[in-house]
Every structure is written in structure tokens, then in C-alpha cells.
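One-letter residues, chain by chain:
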Amino acid sequence: MKTFGFTLLLIMVFSVAAYAHTPLMSCFDEGDGTVTCEGGFSDGSSSSGVEFMVKQNGNLVMRTKMNEFSEVNFEKPKGDYQAIFNAGEGHVVTINGKDIF
Amino acid sequence: MKLLLTSISLTLLLTASAFAHFQMLYTPESALGQGANIPLRLVFNHPFADEHTMDMGKQHDSAALSPVEAFYVVHKERKTDLLESLKQISFKGNTNEAVAFAAEYAARRMGDHLFVLQPAPYYEGNEDAYIQQITKLVVNVAGLPTDWNSVLGLKAEIVPMTPPYAVWAGSTFSGIVMSEGEPVPFAELEIEYLNHDVDLPTNSMGSAKVEAPHDSFVTLSLTADANGVFTFGLPKAGWWGFAALGSGSDDEYKGKELSQDAVIWVQAKEMK
């Protein structure tokens, strides 16, 4: 019963964390051949440790995690690409490279 | 005849002073999808009636205007001075033009960019007194809330309880009037709608959008509660200015009465 209660509590905590807040990402061109993407959630919570990917033509170019400042800096790929913030199912934000200035 | 003229002048004077002076800190958009360079305009005027634009920093004892005392932005608790970015301009209202300022700011990073403007006190000859409006504007990038409700401990300050860039027209905006971090009980507020489009390339105000049915609708009034808290319903999309009169800790400047006010700008959006 105790385990059930604890599990229920955990589910509730994760449900709140996963569904109550909208994932957010914003990227900008640093002008030095790199791009910085910042992530977060609509309640202001950190996205440190959230998976971040860069894809080109559907192929994975890089996969990493947002750093302690909820940021990632990466070399700007040549041509079209997508920056992807993956905070779990239904919580993915994708920004096209052509929209990053 | 002389009496009549005096009465008319008095009425005109009183009518003019009945419309609130407002320190505008204007940018077209407070909720940005992605980072951008944003234009800013600092103008001292009457946002609803626009019947007179004032020279910022006007003094009673000198023809020279006093410079802006402070202009900075707070982002993720880090303060960046923006005084050097100010360029003096002449801003054209619908009846006159006056000295104002323009700036551009790179709002690149995600989160809130909380601007604070502390102009020099302005000498209002009609009242033989000074007015200093310490003004806040919050611009958000990409929806991440960071600094919008920070208490900065200013001499006069409105601390929002609602993000000022995320308000539907027809809903409400709440805030706390504070002075040096403490609530100001029963603070008196004046509220005005920015009733004109601001044309950035020409630094001028457009024609009026709505007409007030009565003078009492030009500058709306509200009293905060015992904790300095107020709530106001915003009936129309656009910019709304809130000024808490005389809420600051300073009440004298150059031996004259000073009204040190807190101002915040709130942008309501149409639900469509």
C-alpha cells in the first residue's frame, strides 16, 4: 500500500512536470559560425539535461543534452537543418535553421 | 470680460492638468516569438489625448534639459546599463514636438527583458512642481518567464502580478505598488490607453483611435488596497499605462514639490 501510494505520488509529480508546462526553445546565430539554442518550460523551470538534436534530411547530425544554463552551442551546419528540443512525447520543439538569425 | 477670460484660462489649465502626464517607454511588440533587435522610444506625453508632449528633463532654473538618470535592462537577474544607447530625438505629438529619446536593443536571449527608465525630474510650470516617473517595460522572448515579477527595490515601482506581455483584451492586470521593496497602501493610480499608433520612422503619433465619451474616461483612476495591490480590467487590445502617483520615497527636488511616480506599461492582445 505504501509502495502504491509512493508510486501514485511519483506518477502525479511526473504528470505535473510533463503536462502542465509547455516546452520552449529559442535559437540565435552567434555570427561566428555557431548557433546557440536556449530551452525551458513555460513555468520558468530549467531544461538542463533535456535531449537536444540537430538533424539534416532526417539524419541525425548531433545529439547532446542542454547544459546547466539550459543552453546548447553547436557549429552551424551547411544547408537546411532542424534544431530539436526533445522533452518527451508530445513535448518536442523543432526550429528550422532558416528561421534562426 | 476679463473675468470670463480668466475663468476660461483657468478651465483650460485645469482641463490640461486633468489629463495625466505619462512617461512612455514604447516598443511595438512585448511578446516576441524569437529574439530580435527591438526599437524603443522614450517620450513624456499624454498617451490618450496627446494634447501636449513635454521636453524630457525640463528644469525650472535652467534652459538646459537634465539627462536621463538611469536606463537599464534586467535579464535573468543580470543588469545591463543602456544609458549609452540613448539617442536624443524630437518626437512629434499631434499638437507639438518635444525632446525625447530613441534606442535599439538586441533582445536575443530567451526570457524576460525588464527595462527600467528613471528620467530626470520634469518641471511642470502649471503646478510649480516636479514629476519623475520611474518606468518599467517587460519584453519577453519565446515565452520563458524569468524576470517579469522581480522586485527591484526602486524608489517607486509597480511589481506586476500578471505578466504584462500576456494579457488578453477583456481580462485583467494586477500589480503591487511598492516603494523601496515595501507595498504602498492605498496608492492612487492613473491609467491611460495609448490611443495613437506610434510611427517609428518619423518619431510621431498618429491620429486618435477612440473617443472618450467624457473627460473622466481620458485618464482612469483606481485606488490600490491596504497592501498596495490593484486589479484593472483592460477592455481593449493595445498598450495601457499605469501610474502610481506620488508613491516614491522622494517628495522634494531643487526645493520644490516632487511627485515621484511608478509607471508600468501593459500590452493587451485581441482574442481572435
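Residues numbered from 1 in each chain as written. Chains lettered and ligands numbered in written order. Predicted model: local features only at pLDDT ≥ 70, side-chain atom pairs only at ≥ 80, totals over all residues.

**Considering the overall build of chain B**
Inclusion rule: Secondary structure is summarised from DSSP: a helix means a run of H or I of at least four residues, a strand means a run of E of at least two, and numbering begins at the N terminus for each. Exposure criterion: with C-beta atoms placed from backbone coordinates, a residue whose C-beta has 20 or more other C-beta atoms within 10 Å is buried, one with 12 or fewer is exposed, and one in between is partly exposed.
In terms of regular secondary structure, chain B is built from one helix and 22 strands. Projected onto its principal axes, the C-alpha coordinates of chain B cover approximately 65 × 40 × 40 Å. A buried classification covers 44% of the 272 residues belonging to chain B.

**Focus on the overall build of chain A**
Selection criterion: Any pair of residues counts as being in contact when their C-beta atoms, constructed from backbone geometry, are within 7 Å of one another.
Within chain A one finds one helix and seven strands. Of the regular secondary structure in chain A, the N- to C-terminal order runs α-β-β-β-β-β-β-β. Relative to its full complement of 101 residues, chain A shows a buried share of 23%. Restricting to contacts in chain A with at least 6 residues of sequence separation, those with at least 24 account for 45%.

**Considering the interface of chain B and chain A**
The test is simple: Under the scheme applied, nonpolar residues are Ala, Val, Leu, Ile, Met, Phe, Trp, Tyr, Cys and Pro; charged residues are Asp, Glu, Lys and Arg; polar residues are all the others, including Gly.
Listed by partner, the interface residues are 11 residues for chain B and seven residues for chain A. Split into classes, the residues belonging to the side of chain B that touches chain A amount to five nonpolar, four polar and two charged.

**Here we look at the confidence of the model for chain A**
We count it as follows: Confidence of the predictor at the level of single residues is given by pLDDT, which spans 0 to 100.
Averaged over all residues, the pLDDT of chain A equals 86, while 80% of them reach at least 70. The low-confidence segment residues 1–18 of chain A, where pLDDT is below 50, has two contacts with residues more than four positions distant or belonging to other chains.

**Looking at unusual backbone geometry**
Positive phi, normally seen in glycine, also occurs at S70(A), with a value near 60°. Tracing the sequence through the fold places S70(A) in the loop between β4 (59–65) and β5 (71–75). The phi angle at N203(B) is positive, at roughly 50°, despite the residue not being glycine. Relative to the helices and strands, N203(B) is located in the loop between β16 (196–199) and β17 (204–208). Overall, N203(B) belongs to the partly exposed group, with 16 C-beta atoms counted inside 10 Å.

**A short note on the sheet that holds β5(A)**
Residues and elements named next belong to chain A. Our working rule: When DSSP finds two or more bridges between a pair of strands, those strands are recorded as paired. A fitted line through C-alpha atoms represents every axis, and for helices the fit uses only the stretch in contact; the resulting angles, taken between N-to-C directions, go from 0 to 180 degrees.
The sheet built from three strands is open, its strands ordered β1-β2-β5 with antiparallel pairing. Looking at strand neighbours, the two that pair on one side only are β1 (23–29) and β5, the edges of this open sheet. Ignoring which end each strand starts from, the neighbouring axes of this sheet average 20° apart.

**A closer look at the environment of P201(B)**
Among the secondary structure elements, P201(B) is positioned in the loop between β16 and β17. It is 31 Å that separates the C-alpha atoms of P201(B) and T146(B), two residues lying 55 residues apart in sequence.

**Brief notes about the nonpolar core**
Short version of the rule: Each nonpolar core reported here comprises buried Ala, Val, Leu, Ile, Met, Phe, Trp, Tyr and Cys residues connected via C-beta atoms within 7 Å.
Ranked by internal contacts, the top residues of the largest apolar core, which has 89 residues, are L25(B), L42(B), V177(B), F242(B), A244(B) and V266(B). Among the elements that line this core, the one with the most residues is strand β10 (residues 129–141) of chain B, at seven residues.

**Observations regarding the sheet that holds strand β3 (residues 51–56) of chain A**
Residues and elements named next belong to chain A. In space, the four strands of this open sheet follow the order β4-β3-β6-β7, with antiparallel pairing throughout. On the outer flanks of this sheet lie β4 and β7 (92–96), each paired with one strand and no other. Between one strand axis and the next, the sheet turns through 20° on average, direction left out of account. Of the pairings in the sheet, the one linking strand β6 (residues 82–86) to β7 comprises five bridges and is antiparallel in character. Looking across to β7, one finds that A83 is bridged to I95.

**As for the pairing of strand β8 (residues 111–118) of chain B**
All names here are of chain B. A large share of β8 lies buried, amounting to six of its eight residues. One ladder, built from five bridges, connects strand β4 (residues 70–75) with β8; its direction is antiparallel. Its bridge partner lying in β8, F71 is registered against L117. Of the strand pairs in this sheet, β8 and β10 are connected by seven bridges, and their pairing is antiparallel. Each bridged residue has a counterpart across the sheet, and for V116 the counterpart in β10 is K136.

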